[in-house]
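# Tertiary structure, described
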Amino acid sequence: MQFYSILFYIFFTVLSMSENFQMGLFPSLAVLRLNKMITESGGKIFATNGKKADFDGTVEKCKEAGGSIATPKSPGENDAILYFVKYFNTYAYLGIKQSLIPGRFQLLNGAQLSYTNWYSNEPSGKGQEECVEMYTDGTWNDKICNKNHLIVCQF
């Protein structure tokens with residue numbers, strides 16, 4: 001668990017520094033308070049600092065922290081991300097975008113999806129909704145990319 005605390009401390013510090021956040025004289029206390037902001041599944045570590053950004057901002061913040069935007073590839077990984085979505089009672093973007101074919105989605109690296117958890121009758125944007133958000137029940141919806149959602153990264 002100490003490894004996770006150190007990793008999250010780095011993640012939290014990198015994201016917070018960009019917003020001129022000062023951790024004060026006792027940064028280890030912040031790690032202890034925020035220790036519940038880390039989950040693990042499928043060999044991945046998922047983390048959040050509870051802040052929000054649009055899709056591009058989320059991708060950038062995760063990259064700055066040395067990770068990538070959370071991308072579930074199994075029900076267990078979906079549940080690990082869902083933990084944060086439920087905890088903060090808000091939606092989160094996933095590392096999935098529409099391909100060149102409207103209505104078809106793929107991983108950001110262009111690979112096909114091997115796991116999906118679409119909400120009933122989704123995706124439905126017909127080319128207009130290029131990003132994917134996770135609802136508070138863990139299902140997915142295609143959405144425009146400019147809404148601010150919870151930043152969840154994977155390492």
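Scroll up to find the structure this text is about.
In what follows, the accompanying structure is described. (Residues numbered from 1 in each chain as written. Predicted model: local features only at pLDDT ≥ 70, side-chain atom pairs only at ≥ 80, totals over all residues. Heavy atoms only, no water.)

## Some thoughts on the environment of C62
- Residue placement: C62 occurs in helix α3 (residues 55–64).
- Residue contacts for C62: discarding those within four places in its chain leaves G67, S68, I69, I151, V152 and C153. (Helix = DSSP H or I, 4+ residues; strand = E, 2+ residues; numbered from the N terminus. Contact = heavy atoms within 4.5 Å.)

## Some remarks on the state of the cysteines
- With the rule as written, the count across this model stands at two disulfides.
- In this model, C62 is linked to C153 through a disulfide, with the two sulfur atoms separated by 1.9 Å. What sets the handedness of the C62 and C153 disulfide is the S-S torsion sign, and at about -85 degrees it is left-handed. Linking C62 in helix α3 with C153 in strand β10 (residues 153–154), this pair joins segments that are 91 residues apart in sequence.
- In this model C131 forms its disulfide with C145; the gap between the sulfur atoms is 2.0 Å. Between C131 and C145, the S-S torsion sits near 105 degrees, and that sign places the bridge as right-handed. (Disulfide = S-S within 2.5 Å.)

## Points about the pattern of salt bridges
- According to the stated counting rule, one finds one salt bridge in the structure shown.
- For K44, the salt bridge identified is with E77, shortest N-O distance 2.9 Å. Linking K44 in strand β2 (residues 44–47) with E77 in helix α4 (residues 75–88), this pair joins segments that are 33 residues apart in sequence.
- Here E77 falls in the buried class, since its relative accessible area comes to 6%. (Salt bridge = Lys/Arg side-chain N within 4 Å of Asp/Glu carboxyl O. Buried < 20%, exposed > 50% of the residue type's maximum accessible area, 1.4 Å probe, protein only.)

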